[in-house]
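# Observations on the model geometry
Listed below, chain by chain, are the residues.
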Amino acid sequence: MEKKCMMVVTAHPDDADFGCSASVAKFSREGWDVVYVICTDGSKGTEDRNIKPKELSKMRYDEQKNSGKVLGLRDVVFLNYPDGYLEPSLDVRKDISRQIRIWKPEILITTNPTRDLNNSTYLGHPDHFAAGEATLSAVFPSARDHLTFPDLFGKENLEPHKVKEVWIMTYGETADFWNPVSEIDVDTSIEALLKHVSQIPDPQGAASWMKKRRQNLGGNIDSDFAESFKRFIMN
Ligand SMILES: [Zn+2]
């Protein structure tokens, strides 16, 4: 029997590992194939003025691959759009639709496509909004309609696919689903997160922050640990 697949689509290497990696660790541990699709090349995320974008990009690919090994990912797919300039364009939507048709995920996790005006400290990254919007538009309708991007079905021979559930990573009031995770999953996710060496100047601080946040989220459902999402279950 084919394994069930869960896909995570984000803008940058590290987005998924900050937002949903304990859930990823759990799915992986339970025998699902988990695939990351990363829209950009991660070439802008640094304050180091001496590093070249290409060098940074390569470093971040490697970091994400290393984190993927810890999480037991089936694959990490990079779409290689330039970091910082991502738009929810038809090209991005098509590329994500292609990955959905190839991997046929039952559950797909992505970033929030909307700016949160109730937050007073964090504006949010435009690439995250773009990745979220392109992904939702790929799930519905272009991954499931053979006449949209017809060469995916024709030339590339990729059958349309209907995703059953979409989970949007969110901590705010929009969250309506808390996925319970175990301490083992949280510890695995922290080990994975810390592989993003270029993005985490204070590993100890990041580790305890991640654990605490998931502990707090667990309080919503009487679980030791959880991650929060806005969940859609498609008809
Ligand atoms: Zn990001």
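Up top is the structure.
First, a word on what this report is: a plain description of the structure on this page. (Residues numbered from 1 in each chain as written. Predicted model: local features only at pLDDT ≥ 70, side-chain atom pairs only at ≥ 80, totals over all residues. Heavy atoms only, no water.)

### Regarding the overall build of the chain
Looking only at helices and strands, the chain has eight helices and seven strands in total. Against the compact-globule benchmark of 18 Å for 235 residues, the chain has a radius of gyration of 17 Å, which places it among compact chains. The dimensions of the chain, computed from C-alpha atoms along their principal axes, are 50 × 45 × 40 Å. Burial statistics for the chain: of 235 residues in total, 50% are counted as buried. Accessible area for the chain stands at about 12,100 Å²; split by element, carbon and sulfur atoms hold 52% of it. (Helix = DSSP H or I, 4+ residues; strand = E, 2+ residues; numbered from the N terminus. Rg over C-alpha atoms; globule rule 2.2 N^0.38 Å. Buried < 20%, exposed > 50% of the residue type's maximum accessible area, 1.4 Å probe, protein only. Areas by Shrake-Rupley, 256 points an atom, 1.4 Å probe, with all protein chains shown as cover.)

### Points about the sheet that holds strand S1 (residues 5-10)
Taken together, seven strands build an open sheet; the order of strands is S3-S2-S1-S4-S5-S7-S6 and the sheet is mixed. Of all strands in the sheet, those bounded by a partner on one side alone are strand S3 (75-81) and strand S6 (177-181). Each strand axis lies, on average, 25° off the axis of its neighbour in the sheet, ignoring direction. (Pairing = 2+ DSSP bridges. Axes fitted to C-alpha atoms, helices over the stretch in contact; angles between N-to-C directions.)

### Structural notes on the coordination of the zinc ion
With distances of 2.0 to 2.1 Å, the protein atoms coordinating the zinc ion are His12 (ND1), Asp15 (OD) and His128 (NE2). Each donor residue of the zinc ion belongs to the same chain, and together they define the spacing H-x2-D-x112-H. Remark: His128 occurs in helix H5 (residues 126-142) and His12 occurs in the loop between S1 and helix H1 (15-19); sequence separation between them is 116 residues. Of the two residues, His12 and His128, both sit in the buried class. (Donors = N, O, S within 2.8 Å, 3.2 Å for Na, K, Ca; no water.)

### Side note on the packing of aromatic side chains
One pass over the structure, following the stated rule, counts seven aromatic pairs. Pairing Tyr61 with Phe78 gives two aromatic rings, centres 4.1 Å apart and planes at 15°, and the pair type is stacked. Taken as a pair, Tyr61 in helix H3 (residues 53-71) and Phe78 in strand S3 lie far apart in primary sequence, 17 residues in all. Positioned above the aromatic ring of Phe232 is the side chain of Lys230, whose terminal nitrogen or guanidinium carbon lies 5.0 Å from the ring centre. For Arg231, the ring lying beneath its charged end belongs to Phe177, and the centroid distance is 3.9 Å. (Phe/Tyr/Trp six-rings, centres within 6.5 Å; stacked < 30°, edge-to-face > 60°. Lys NZ or Arg CZ within 6 Å of the ring centre and 35° of its normal.)

### Considerations on unusual backbone geometry
Of note, the bond from Phe140 into Pro141 is cis; its omega dihedral lies within 30 degrees of zero at 5°. The residue Pro141 is located in helix H5 in this model. Despite not being glycine, Asn80 shows a phi value in the positive range, around 65°. Note on placement: Asn80 falls in strand S3. The backbone phi angle of Asn157 is positive, close to 60°, even though this residue is not glycine. One can find Asn157 in the loop between helix H6 (150-153) and strand S5 (165-169). In this structure Asn157 comes out as exposed when scored by relative accessible area, which is 64%.

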